[in-house]
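What the coordinates show
Each chain, written out:
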Protein chains: 2
Amino acid sequence: MTKQIYRTRRTMRPASNTGEPTSGPLTAQELQLAARNHSMPLEALRRDITPPGLHYVLTHFDIPDTDAASWHLRISGAVERSLELSLAALKKDPAITVPVTLECAGNGRSLLRPRPLSQPWVLEAVGTAEWTGVPLAYLLAKAGVLSEAVEVVFTGADAGIQGGVRHRYARSLPIREAMRPDVVLAYRMNGSELPPQHGYPLRLVVPGWYGMTSVKWLQSIEVVTAPFKGYQQQVAYRYQDKADDAGTPVSRIRIRSLMVPPGIPDFFTRKRFLARGPVMLQGRAWSGAGAVSGVEVGIDGEWVPAHLEKPPGPFAWCKWTLPWVADPGEHELACRATDSTGASQPLEQNWNYQGLGNNMVQRVSVTVE
Amino acid sequence: MTKQIYRTRRTMRPASNTGEPTSGPLTAQELQLAARNHSMPLEALRRDITPPGLHYVLTHFDIPDTDAASWHLRISGAVERSLELSLAALKKDPAITVPVTLECAGNGRSLLRPRPLSQPWVLEAVGTAEWTGVPLAYLLAKAGVLSEAVEVVFTGADAGIQGGVRHRYARSLPIREAMRPDVVLAYRMNGSELPPQHGYPLRLVVPGWYGMTSVKWLQSIEVVTAPFKGYQQQVAYRYQDKADDAGTPVSRIRIRSLMVPPGIPDFFTRKRFLARGPVMLQGRAWSGAGAVSGVEVGIDGEWVPAHLEKPPGPFAWCKWTLPWVADPGEHELACRATDSTGASQPLEQNWNYQGLGNNMVQRVSVTVE
């Protein structure tokens, strides 16, 4: 297990974020989280690449205050030689740029019934950026991974308490995933310095996996010979039917599509109003399991195939469009994607105890005038 | 009145965002707004200048999709000569850079009892940036303001419905405020191109006034000879005791201070945990009415003066610090600022019907171990 600044121990307080899911109203705690953690406004789906300030952000604890001049990345554990690298040293290594769609595994949680108590995402915990940095595989090869290694543990500088356990945020990857050529230790986002909320000075980016894997504010990489048992791996981010079910770990992003809500909104209700006539419906679709093979748009319950554009990369979303002639009245629009594994978005919720991977189709009500 | 793309008219729908304040639970509509609109995480108070992705953002309608190449700013109305300026032309005019703290007038709304129904800010709808652009007074002088002018109306590209009224977002300023040398039409934020959510390609920035004044996605400036009666001026952003009270308009930012919550958080509750011993408490204070003259820090109800640093500009926040020796147990910390007009933050809520200007002192509970 990776080093932690605090002993891992139970506090006197209950594991408040793994409490019973509720059918009750939104709590003040959920509102606090919704205020801190940023969604991507759906109109940003118009863009191939999301600007950093519109990309979704989930920060479990606080954004750490890192001094890049004294910061070092330590690579240790089951390796032939440990490495300690400054940011300047990392920037001298060969760099790659990878366009990646990241989505929070908890996206859609607040729409579940009953509602698991955690960050209450609606639909917009997603974004796509171009991440530039050193391939992880290059550095692991430099350190020399020993044959008994099974996982690589990534630990951030962000510390706090979750579920009663004090820890620095840490997650692991199986060796075979860590050695993929497109897994990057990123110090640039969309061509600029990594912003504080996206992991400055360095973050891991794992294309195709839900965002919890892409550890921010990275401080150490430890190659381990037994599966990592940290809180964020063994307790959080698991598909469970109930609290005492060991569950299965969350990994790759499930197929999903979203639509730019057409027309103009009402400020408070966000209901959409649209002039009659032709309108180009558009959105994006993505999957961590394989390429998007199709998107269907639902118009008042009838499904019509949309036109797909080429994505900017194998793990970046693709744009879809569908021309529609809006006639006066109330309409319900929806979108539903399928990927190359044959997986499609469900029409009903994917309920689980922690509210993860809810890729149910989006529905948008519009009034055409 | 400035041009609008839609007729100003009542729709069939009620003025949903001016409904009765409630003592009930948070609604799905409020959660949708909390997801779209971004708070500044309080740990960002450590920085003099807030990066764009951490600065607060309130978008009434949708972020418009502006083509900067065809975009023009129109200056018209009670002027000697109307102007139509491209972005390239604006960038040739003399530029100034002004550090400004912007705060949403609705900051603190969700803490009010009963709770007005609108964007449910907690405490963090604030940020400070360096805005670069053309002084508004320079362009108004170029256009030649006629003597009968009373106000200047600023209209953005963002359109929607609020309180049953369709409009583009528009606000006015009295001529004397519009002619201040520090009011800027900004095309850069912190030295970089204006991000989409902060008003690309051009926004008005009015130092000292609540954020609703600093119109984003600016399209037109109209000098008018009678007070502007648009929705955002005459209905929204007014201090009212009740719904049918004409109220008084919201203008300058009320004195306020906030603290970086010390220690580490619990993920779900955001409660703070801290090791015993010395800790430097810190935060920022600001006022649109005058310089900050003092900050007191409350420690378990006892008020101690904090040390103030020089702010980066007359309308930018100033840092305060106070060393504290944390002893084991539960503590309540607070901070309370006073400005050069003698105004201090209230200890109890400033309730009003729309939930504006609630500058009640922040309280932070910490457990010292």
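Residues numbered from 1 in each chain as written. Chains lettered and ligands numbered in written order. Predicted model: local features only at pLDDT ≥ 70, side-chain atom pairs only at ≥ 80, totals over all residues. Heavy atoms only, no water.

On to the relation of the copies chain A and chain B. The relation between the two copies of this chain is a rotation about an axis and a shift parallel to it. Least-squares fitting of chain A to chain B yields an RMSD of 0.0 Å, with the transformation described by 0.0 Å of translation along the axis and a rotation of 180°. The two molecules are tied by a two-fold rotation axis, judged by turn and shift. Within chain A, A:G53 has its C-alpha nearest the rotation axis, a separation of 1.9 Å. A shared binding surface is used by both copies, with 98% of the interface residues of chain A retained as interface residues in chain B. (Least-squares fit on C-alpha atoms with pLDDT ≥ 70 in both. Contact = heavy atoms within 4.5 Å.)

The next point concerns the environment of B:P99. Residues and elements named next belong to chain B. Looking at the element boundaries, P99 is found in strand β3 (residues 96-103). Residue class for P99 comes out buried when judged on its relative accessible area of 14%. Along the backbone, P99 and P312 are 213 residues apart, and their C-alpha atoms lie at a distance of 6.5 Å. (Helix = DSSP H or I, 4+ residues; strand = E, 2+ residues; numbered from the N terminus. Buried < 20%, exposed > 50% of the residue type's maximum accessible area, 1.4 Å probe, protein only.)

As a further point, take the domain arrangement of chain A. All names here are of chain A. As assigned here, chain A comprises domain 1 (16-249) and domain 2 (256-368). Averaged C-alpha coordinates put domain 1 and domain 2 at centres separated by 26 Å. At the junction of the two partners, domain 1 supplies 44 residues and domain 2 supplies 26 residues. Interface area, domain 1 with domain 2, both sides summed: about 3100 Å², of which 57% is carbon and sulfur. Counting across the interface, domain 1 meets domain 2 through two salt bridges. (Domains from an automatic or database assignment. Buried area = accessible area lost by both parts, 1.4 Å probe. Salt bridge = Lys/Arg side-chain N within 4 Å of Asp/Glu carboxyl O.)

Here we take up the sheet that holds strand β2 (residues 83-86) of chain A. All names here are of chain A. Reading across from one edge, β2-β1-β10-β5-β6 is the order of the five strands in this open sheet, with mixed pairing throughout. Every interior strand has two partners, whereas the edge strands, β2 and β6 (165-174), have only one. Here the average twist between neighbouring strands, direction ignored, is 25°. Here four bridges tie strand β1 (residues 72-77) to β2, and the two strands are oriented antiparallel to one another. The residue bridging H72 from the neighbouring strand is S86, located in β2. Its contacts with the sheet put helix α3 (residues 136-143) on β1, β2, β5 (151-162) and β10 (218-224), and the angle it makes with β2 is roughly 135°. (Pairing = 2+ DSSP bridges. Axes fitted to C-alpha atoms, helices over the stretch in contact; angles between N-to-C directions.)

Between chain A and chain B, the contact holds 59 residues from the first and 58 residues from the second. Both sides of the chain A and chain B interface together cover about 5600 Å² of buried area, and 61% of this is carbon and sulfur. Together, A:F267, A:F268 and A:R270 form the three largest contributors to the area buried by chain A at its contact with chain B, with a combined 15%. For B:R36, the salt bridge is made with A:E43, and the minimal N-O distance between the two is 2.8 Å. Between the two partners, chain A and chain B, sit 21 residue pairs in polar contact (both at pLDDT 80 or more). Elements supplying a minimum of two residues to the side of chain A that touches chain B: α1 (28-36), β5, β14 (264-265) and β15 (272-274) of chain A. When residues in the side of chain A that touches chain B are grouped by element, the largest group, eight residues, is from α1(A). When the residues that make up the side of chain A that touches chain B are grouped by side-chain class, the tally is 25 nonpolar, 18 polar and 16 charged. (Polar contact = N/O pair within 3.5 Å; in protein donor to acceptor, adjacent residues only side chain to side chain. Nonpolar A, V, L, I, M, F, W, Y, C, P; charged D, E, K, R; others polar.)

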